[in-house]
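Observations on chain architecture
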Amino acid sequence: MYQTGAARARPAPRRSLLDSFGGPKVAPFIFIAPAVFFFLAVTIVPALMGFPLSFSRWNLLGAKAFIGLDNFREILTDPMFWKTLRNTGVYTLVGVPIEVALALGVALLLNRDDLPLKNLFRTVYFLPVITSTVAAVFIWEWLYHPNFGLFNYVLGKVGIDPLPWLTHPKTAMMSMIIYVVWKGLGYRTVIFLAGLQGIPKETQEAAVVDGANTWQRFWHVTLPLLRATTFLNVLTATIGSLMDFSVSYLMVGPLDSTTLVVKYIYETAFKTLRMGYASAMAMVLFAIVMLITFIQWKARKELTYD
Amino acid sequence: MCLAALLLTAALAGCGSTKKGEDKAPPGPAVDPNQKYTVVHWQHHSDARQKMVQQFAEAFMKEHSNITVQIESIPQADYWNKLVTTVASGQGPDVFQIPAGKAVEFIASGQVQPISQKVLAQDKVQKEFMASTLDPFSSQGKIYGLPTDVQTIILIYNKDLFKAAGLDPNVPPKNWDEVLSFAKKITKIGADGKMTVSGLGLGGYHPVVNTLMYQAGLKDTIDSKGNFAFAADAAALEAFKWYCDLTTVHKVYDPKFGSRWTGFRAGTVGMVFSHPAMMGNFKLTAPTVNWGVSEVPEYKGNRTNVVTSWGYVISKKANADVATMWMDYLTNEAAQKKWTAETGELPARTKLLDDADLTKDPNIKIAFESLKKAKPSRFTDPAYEPLIQKAWNMVLLEGKSPADALKWAEDQMNAEKKKKGM
């Protein structure tokens, strides 16, 4: 039907929500601005402020005094720093491979099509992840009790001598690692599960057709295709272990056998009020974490199919 | 070192009202009654203390309608971090609690100011408060704080375990030899070699070890220059060795036995060296345990023990006159009496040690006697506190000799002192 000029004039297009925020080019930045601002304010800015502080002596109460490299020189001869760094190294080098390997094994099991009550098992394995750390440590300290704890009771039933667990320096770190593996296993498993479910079924079927057995399929097909996921798990677990504080703070073994370096930094800052020295140790730890992350990132190119 | 309610008789003085003519501030202009003031007060939390201090604040504000007191009671785990960071930023409270061991650092840094002489004369404070509680807050002839949360060391014992061991439940050990012989009689080891009853619960707690050192004859843990000097003292070593031998030689305690407090509450620990505040705690947490109290058993005729405390101080930014008025109110005789009755923490005022109402309770009377014989501890800075326990653990778990372990503790304390620039 023929329309008049007036009828032909189209109504002004409605302004979209995106347009209200400056359009598709500007809007994303506005949306992420609050999170970025928060991240800058509570993480980046304090970290940057720690750098000049590491060259000072400051007890929070008085004035800061510039002391050059004295704090860094002190680190070289501080037996407690090296002890806690060693503890952190053991905690990471032992705990991370165990946690990642176990998580892969559990994920492979949970990925099986023939597993009954799959969802129930997935929930059970993830429960420790969402359990309060304080509550979990409290329970585990009772499980570890040398005289009345469940673990020594079970060991006794199978004819193994009781262990001192958290009450002796020789077993306290191992006790902490066992707890941390239990706590983080579910999270790593979920990551691996996502990776496994991203592997096309056809690749497995092709391997079966080619005559590969279960182990061969895992080693030559599944594991290589999981390299990116494995790398992600190893990288995040390593950084998490190097920076761990809460477990070390709560699960205390004798003679600093479970003290990790971040806990020592915290106590130096807030108990003995040596903010400058604590900042210097934090800078050293930062450098170590960056170096390890850099090495792992470089290795990633060799190990993954990108 | 504080906490837990100790419920005694209800017939106590009213809510923080100052007794007329006794604890009042000297006359003279202090604050302008026509001007409004606010005092922000921080303390570390216990239910009993918060309730009581809130009552004091309400009564104080009724008497001084131009002054508002804002109380903030912070969980102990968060208190120290929150306090030092806000004080450093200049935003902190006007009146706050600090442990006695930290007073010298706060005073040296200029973050606190002396109490106002217009409101509370210094010589009056020195006359009325016990020197052992006031000394940590004094510097160069000025008083910077008023003590609170006073604790000493006493012995608490399980009367039923005494009876089971053939001991008289109403006769606690008189001296170190009896402590050892009683502990041996009470200790039980099962057929599997595990300890089922510990005669004396131990933890390497520094006020306990310090108490034993003083009893053995150590004069002080620091020398004339203020450096830690106890490891070479024969008396200190004798005491530390005796303490270590309780576990390593006489086996009246086993580190695998667990927390001495949990064990005492469960009725499996015969005796514990303890703060008086634990009396109030055990009333609530160990209602089935039939316990008794005594002063620390003597050694060489000596019942010296160690006093630790916190204190209220005034920040440098506060109005000293108003803050001192509030602190004086909070620590006057009636207030301290109520404080002791309801929290189990000991008074810092000398006169209250013979108060008829408070000493009706024989356990409180014993705690007061311990305070009369107490000396201040030098180990109450968080940098020093864990070191005696570590030294003890070195002997128990690593086989280090008591002499070497004690020397290590002394060296570490001096190193920490040097790092602080003190």
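Cut-offs applied
Residues numbered from 1 in each chain as written. Chains lettered and ligands numbered in written order. Predicted model: local features only at pLDDT ≥ 70, side-chain atom pairs only at ≥ 80, totals over all residues. Heavy atoms only, no water. Helix = DSSP H or I, 4+ residues; strand = E, 2+ residues; numbered from the N terminus. Rg over C-alpha atoms; globule rule 2.2 N^0.38 Å. Buried < 20%, exposed > 50% of the residue type's maximum accessible area, 1.4 Å probe, protein only. Areas by Shrake-Rupley, 256 points an atom, 1.4 Å probe, with all protein chains shown as cover. Lys, Arg positive; Asp, Glu negative; His and termini not counted. Charge placed at Lys NZ, Arg CZ, Asp CG, Glu CD. Contact = heavy atoms within 4.5 Å. Buried area = accessible area lost by both parts, 1.4 Å probe. Salt bridge = Lys/Arg side-chain N within 4 Å of Asp/Glu carboxyl O. Polar contact = N/O pair within 3.5 Å; in protein donor to acceptor, adjacent residues only side chain to side chain. Phe/Tyr/Trp six-rings, centres within 6.5 Å; stacked < 30°, edge-to-face > 60°. Lys NZ or Arg CZ within 6 Å of the ring centre and 35° of its normal. Pairing = 2+ DSSP bridges. Right-handed = clockwise from strand over helix to strand, strands pointing away. Axes fitted to C-alpha atoms, helices over the stretch in contact; angles between N-to-C directions. Core = buried A, V, L, I, M, F, W, Y, C linked by side-chain atoms within 4.5 Å. Expected span 1.5 Å × (residues − 1). pLDDT = per-residue confidence, 0-100.

**Brief notes about the overall build of chain A**
- On a plain count of helices and strands, chain A comes out with 15 helices and 2 strands.
- The C-alpha radius of gyration of chain A comes to 27 Å, more than 25% above the 19 Å expected for a compact globule of 306 residues.
- C-alpha atoms of chain A, sized along the principal axes, occupy 95 × 70 × 40 Å.
- Counting only residues that meet the buried cut, chain A has 40% of its 306 residues in that class.
- When the accessible surface of chain A is summed, it comes to about 18,200 Å², and 71% of that surface belongs to carbon and sulfur atoms.
- One finds the centroid of the 26 positive side-chain charges in chain A at a distance of 8 Å from the centroid of its 17 negative side-chain charges.

**A look at the interface of chain A and chain B**
- Counting residues at the interface gives 25 residues for chain A and 28 residues for chain B.
- Of the roughly 2,300 Å² buried where chain A meets chain B, counting both sides, 60% is carbon and sulfur surface.
- Its largest share of buried area at the contact with chain B, chain A owes to Leu61(A), Asn147(A) and Leu255(A), together 30% of the area lost on that side.
- Our count for the contact surface shared by chain A and chain B stands at 2 salt bridges.
- Here Lys390(B) and Asp256(A) are joined by a salt bridge, their closest N and O atoms 2.6 Å apart.
- In this structure, the connection of chain A to chain B is made through 6 residue pairs in polar contact (both at pLDDT 80 or more).

**Brief notes about helix 14 (residues 261-270) of chain A**
- Here helix 14 of chain A lies mainly inside the structure; 8 of its 10 residues are buried.
- Along helix 14 of chain A, the residues that are buried comprise Val261(A), Val262(A), Lys263(A), Tyr264(A), Ile265(A), Tyr266(A), Thr268(A) and Ala269(A).

**A closer look at the environment of Ser181(B)**
- Topologically, Ser181(B) is positioned in helix 7 (residues 176-186).
- Taking the C-alpha atoms as reference points, Ser181(B) and Leu246(B), separated by 65 residues in sequence, lie 11 Å from one another.

**Regarding the packing of aromatic side chains**
- Per the stated rule, a full pass over the model turns up 37 aromatic pairs over all chains.
- Each ring, one from Phe51(A) and one from Phe55(A), has its centre 5.3 Å from the other, and the planes form 85°; the classification is edge-to-face.
- Looking at Phe51(A), the relative accessible area reads 46%, which means it is partly exposed.
- Ring plane angle 75° and centroid distance 6.4 Å describe the contact between Tyr312(B) and Trp339(B), whose orientation is recorded as edge-to-face. With Tyr312(B) in strand 13 (residues 305-315) and Trp339(B) in helix 13 (residues 333-343), the pair connects residues that are 27 residues apart, well separated along the chain.
- Note on Trp339(B): relative accessible area 5%, which makes it buried.
- Its end group placed over the ring of Trp58(A), Lys64(A) keeps NZ or CZ at 4.4 Å from the ring centre.
- The ring of Trp42(B) has Lys82(B) sitting right over it, with the charged end atom 5.4 Å from the ring centre.

**Some points on the pairing of strand 1 (residues 37-44) of chain B**
All names here are of chain B.
- Counting buried residues along strand 1, 6 of its 8 residues qualify, which places the element largely inside the surrounding structure.
- Across 8 bridges, strand 1 lies against strand 2 (residues 67-74) in parallel orientation. If you follow His41 over to strand 2, its bridge partner there is Ile71.
- Of the crossover connections in this fold, the one passing from strand 1 over helix 1 (residues 47-63) to the parallel strand 2 is right-handed.
- Where strand 1 meets strand 3 (residues 95-99), 2 bridges bridge the pair, whose relative direction is parallel. Looking across to strand 3, one finds that His41 is bridged to Val95.

**Focus on the side chain of Gln111(B)**
- Secondary-structure assignment places Gln111(B) in the loop between helix 3 (103-109) and strand 4 (112-113).
- The class of Gln111(B) is buried, set by a relative accessible area of 7%.

**A word on the sheet that holds strand 11 (residues 271-274) of chain B**
Residues and elements named next belong to chain B.
- Taken in spatial order, the 3 strands of this open sheet run 11-8-12, and their pairing is antiparallel. Sheet topology places strand 11 and strand 12 (291-295) at the edges, where each strand pairs with a single neighbour. Between one strand axis and the next, the sheet turns through 25° on average, direction left out of account.
- Here strand 8 (residues 154-158) pairs with strand 11 via 4 bridges, running antiparallel. Its bridge partner lying in strand 11, Ile156 is registered against Val272.

**Side note on the pattern of salt bridges**
All names here are of chain B.
- Counting across every chain of the model gives 32 salt bridges over all chains.
- The residue Glu345 makes a salt bridge to Arg49 at a minimum N-O spacing of 3.2 Å. Of the two residues, Glu345 sits in the loop between helix 13 and helix 14 (362-372) while Arg49 sits in helix 1, which places them 296 residues apart along the sequence.
- Note on Glu345: relative accessible area 0%, which makes it buried.
- A salt bridge links Lys300 to Glu238, with the nearest nitrogen and oxygen atoms 3.1 Å apart. Of this pair, Lys300 sits in the loop between strand 12 and strand 13 while Glu238 is found in helix 9 (residues 234-248), placing the two residues 62 residues apart along the sequence.
- Take Glu238: its relative accessible area is 30%, and that puts it in the partly exposed class.
- Within this structure, Glu295, Asp354, Glu369, Lys372 and Lys373 form a network of salt bridges that share partners.

**Things to note about the nonpolar core**
- If you look at the biggest cluster of nonpolar residues, it comprises 117 residues, and the most contacted ones within it are Ile156(B), Leu200(B), Phe230(B), Phe240(B) and Trp326(B).
- Ignoring sequence-local partners within four residues, the contact set of Trp326(B) consists of Val39(B), His41(B), Val53(B), Phe56(B), Ala57(B), Phe60(B), Val69(B), Ile71(B) and Val95(B).
- Ranked by size, the runner-up nonpolar core spans 40 residues in total, among them Met281(A), Val289(A), Ala103(B) and Val112(B).

**Brief notes about the environment of Ala232(B)**
All names here are of chain B.
- Turning to its location among the elements, Ala232 is positioned in the loop between helix 8 (206-216) and helix 9.
- A relative accessible area of 78% means that Ala232 is categorised as exposed.
- Ala232 sits 47 residues away from Lys185 along the chain, and the two C-alpha atoms are 33 Å apart.

**Observations concerning helix 9 of chain B**
Residue and element names in this part refer to chain B.
- The end-to-end C-alpha separation of helix 9 is 20 Å, in line with the 21 Å expected for 15 residues at 1.5 Å each.
- Taken residue by residue, helix 9 has Ala235, Ala236, Ala239, Phe240, Trp242, Tyr243, Cys244, Asp245, Leu246 and Thr247 as its buried positions.
- Of the surrounding elements, those touching the buried residues of helix 9 are helix 7, helix 8, helix 15 (385-398) and helix 16 (402-419).
- Capping the start of helix 9 is the job of one residue whose side-chain oxygen sits 2.8 Å from the backbone nitrogen of Ala235: Asp233.

**Some remarks on the confidence of the model for chain B**
All names here are of chain B.
- Here chain B averages 89 in pLDDT, and 93% of its residues register 70 or above.
- Here helix 13 stands out as the least confident element of chain B, with mean pLDDT 85; helix 6 (residues 159-164) is the most confident, with 98.
- Predicted confidence is poor over residues 1-28, with pLDDT under 50, and the contacts of this stretch with residues over four places away or in other chains come to 82 contacts.
- Across the predicted assembly, pTM comes out at 0.85 and ipTM at 0.82.

**Some details on the environment of Ala239(B)**
All names here are of chain B.
- Positionally, Ala239 belongs in helix 9.
- Along the backbone, Ala239 and Met213 are 26 residues apart, and their C-alpha atoms lie at a distance of 5.1 Å.
- The contact partners of Ala239, leaving out residues within four places of it in the chain, are Trp176, Leu212, Met213 and Ala216.

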